[in-house]
Amino acid sequence: MKKFNRAGLLAGGIAASLAFTACNQQPATNTEGGTSAAAPDSTQTSAAAMPTSSSFGKTNAGAEAQLFTLTNAHGVKATITNFGGTLTSLMVPDKDGKMGDVILGFDNVSGYQSPEFLKSGPYFGALIGRYGNRIKGGKFTLDGKEYTLAKNNGPNSLHGGKVGFDKVVWDAKPGSSADGQTLTLTYNSKDGEEGYPGNLAVTVVYTLTADDALRIDYTATTDKATPVNLTNHAYFNLNHGVGKDILGHEVTLPADRYTVVDATLIPTGELKPVKGTPFDFTTPHTIGERIGQVPGGYDHNWVLNNPSGMHAAATVYDAATGRTMEVTTTEPGIQFYTGNFLDGTLKGKGGTVYGKNSGFCLETQHFPDSPNQPSFPSTILKPGDTLKSTTIYKFGVRK
Ligand code: GLA
């Protein structure tokens, strides 16, 4: 079995981290027309050097949530709130140059805190931590000590526990770098929070680049060894503007194997070849083509081929709009989830009803339950080490 380790991945992420440290968080001096790298075209709009901010309403705890809008010279816009570091919308062009929102979400922060949303727990667009995906039985042993986490998903712990990074208010600083407008989010997760050891300092930088990509750079340090698995839980629908499901989207995943799971979606440890199964997306297939053969729908972790440095993780194409999305990452795995638990009870932006399969997630990550799976790439961050992870979602059109 091929093994990866966090150290290897860290080495692979050096280019990304250099790019990250080169980011200048100060306001840029050329304030007009975006970056010089942007090709002039008829749809070009003027992009200010700094993101704008507005109120996103009050959180249930009474804090003021802010919404930041990042824009590039092509008029591509990403909106992100400091509540959960949540990506709330992403406007990208279709094959006719028409802008449309490709992200599921709500018009204000109360949508992300409604009883229905919290009960069904879809984590729309949020930053996920301290541990993305499931930990079996909400338990793991580290350096001889057993740690107990909240069980918030049947017998398991999911996405950081009861109050994961998706439900906290992050400190937010808008800025700009040579690559585009940025939003830097920081959160200090306390020793013992949700049962995890160590004070964990997390920084996440969203960058909207001149070439229509949303890049997410994650950095974390700790003062005690702890499992960490950070991701973003955006639900994409490249045809969202007209409220269609995602079954017609064509997906490619450069992964020859996936992690087999038990009935509670915990990996058995087996990395199974996808060949000859409905999990084979090594060549493009529409989501709907074989989803009926997968009980419940896709909600699995694929083992990415060639996982060193920045590598390919997924390609998506929607023939109806011509929109494409390419995902690259430093992570070894990707959870492809087809919105199986959405059931029409949530009404989102502009009153859109979110039914089953109305969005899909591509959560770049280390494999689920890694703290209990010694053969999986390690998710343990140690004091003195810095976790660095990067994922890029790049948009385009095919005519
Ligand atoms: C992840 C999980 C799913 C589900 C969603 C949120 O994708 O793997 O099972 O919990 O998050 O609804």
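Look up a bit, the structure's there.
Residues numbered from 1 in each chain as written. Predicted model: local features only at pLDDT ≥ 70, side-chain atom pairs only at ≥ 80, totals over all residues. Heavy atoms only, no water.

Undergrad: Before we go on, may I ask you to explain the sheet that holds strand β24 (residues 323–329) in this structure?
TA: Within a sheet, each strand pairs with its neighbour through backbone hydrogen bonds, oriented either parallel or antiparallel. Pairing is antiparallel across the open sheet formed by nine strands, whose spatial order is β11-β12-β13-β14-β30-β24-β23-β18-β21. Pairing within the sheet leaves two strands with one partner each, and these edge strands are β11 (171–177) and β21 (285–286). Alignment of β24 against strand β30 (residues 387–397), held across seven bridges, turns out to be antiparallel. Bridge pairing links Thr-329 to Thr-391 in β30. (Pairing = 2+ DSSP bridges. Helix = DSSP H or I, 4+ residues; strand = E, 2+ residues; numbered from the N terminus.)

Undergrad: Can you help me understand the site of the ligand in this one?
TA: Arg-134, His-159, His-233, Asp-299 and Glu-363 are the nearest of the 15 residues found near the ligand. Residue His-233 places a side-chain N or O atom 2.7 Å away from an oxygen atom belonging to the ligand. Measuring from an oxygen atom of the ligand, one finds a side-chain N or O atom of Gln-335 at 3.2 Å. In terms of residue class, the shell around the ligand is built from seven nonpolar, five polar and three charged. (Near = heavy atom within 4 Å. Polar contact = N/O pair within 3.5 Å; in protein donor to acceptor, adjacent residues only side chain to side chain. Nonpolar A, V, L, I, M, F, W, Y, C, P; charged D, E, K, R; others polar.)

Undergrad: It is not clear to me how the pattern of salt bridges should be interpreted in this structure. Could you clarify?
TA: Any two side chains of opposite charge can pair if their charged atoms end up close together. Under the definition given, this model contains eight salt bridges. Measuring nitrogen to oxygen at the nearest pair gives 2.6 Å for the salt bridge that ties Lys-349 to Asp-101. Taken together, the residues span a long stretch of sequence, with Lys-349 in the loop between β26 (346–347) and β27 (353–354) and Asp-101 in strand β5 (residues 99–101) at a distance of 248 residues. Residue Lys-349 is classed as buried on the basis of its relative accessible area, which comes to 13%. (Salt bridge = Lys/Arg side-chain N within 4 Å of Asp/Glu carboxyl O. Buried < 20%, exposed > 50% of the residue type's maximum accessible area, 1.4 Å probe, protein only.)

Undergrad: Sorry, what's going on with the environment of Ala-78 here?
TA: Its location among the elements puts Ala-78 in strand β3 (residues 77–81). By relative accessible area, Ala-78 is classed as buried at 0%. Remark: the alpha-carbon pair of Ala-78 and Tyr-206, spanning 128 residues in sequence, is separated by 9.4 Å. Setting aside anything within four residues of it in sequence, one finds Ala-78 in contact with Phe-68, Thr-69, Leu-70, Leu-87, Ser-89, Leu-90, Leu-208 and Leu-214. (Contact = heavy atoms within 4.5 Å.)

Undergrad: Would you mind showing me how to read the pairing of strand β2 (residues 64–71) here?
TA: Note on strand geometry: in a regular strand, side chains alternate between the two faces of the sheet. With six of eight residues buried, β2 is to be regarded as a mostly interior element. Of the pairings in the sheet, the one linking strand β1 (residues 52–58) to β2 comprises five bridges and is antiparallel in character. Bridged to Ser-54 within β2 is Leu-67. Here β1 hands over to β2 after five residues, with Gly-62 in that stretch at a positive phi of 90°. Where β2 meets β3, five bridges bridge the pair, whose relative direction is antiparallel. In the strand pairing of β3, Leu-67 is matched with Thr-81. Connecting β2 to the antiparallel partner β3 that follows it, the hairpin turn spans five residues, and Gly-75 within it adopts a positive phi of roughly 85°.

Undergrad: Quick question: what am I supposed to make of the sheet that holds β2 here?
TA: Taken in spatial order, the five strands line up as β1-β2-β3-β4-β5 in an open sheet, and their pairing is antiparallel. Edge positions in the open sheet fall to β1 and β5, since each of these has one partner strand only. The average angle at which neighbouring strand axes cross in this sheet is 20°, direction not considered. Relative to β5, strand β4 (residues 86–93) runs antiparallel, the two being bridged by three bridges. If you follow Val-92 over to β5, its bridge partner there is Gly-100. (Axes fitted to C-alpha atoms, helices over the stretch in contact; angles between N-to-C directions.)

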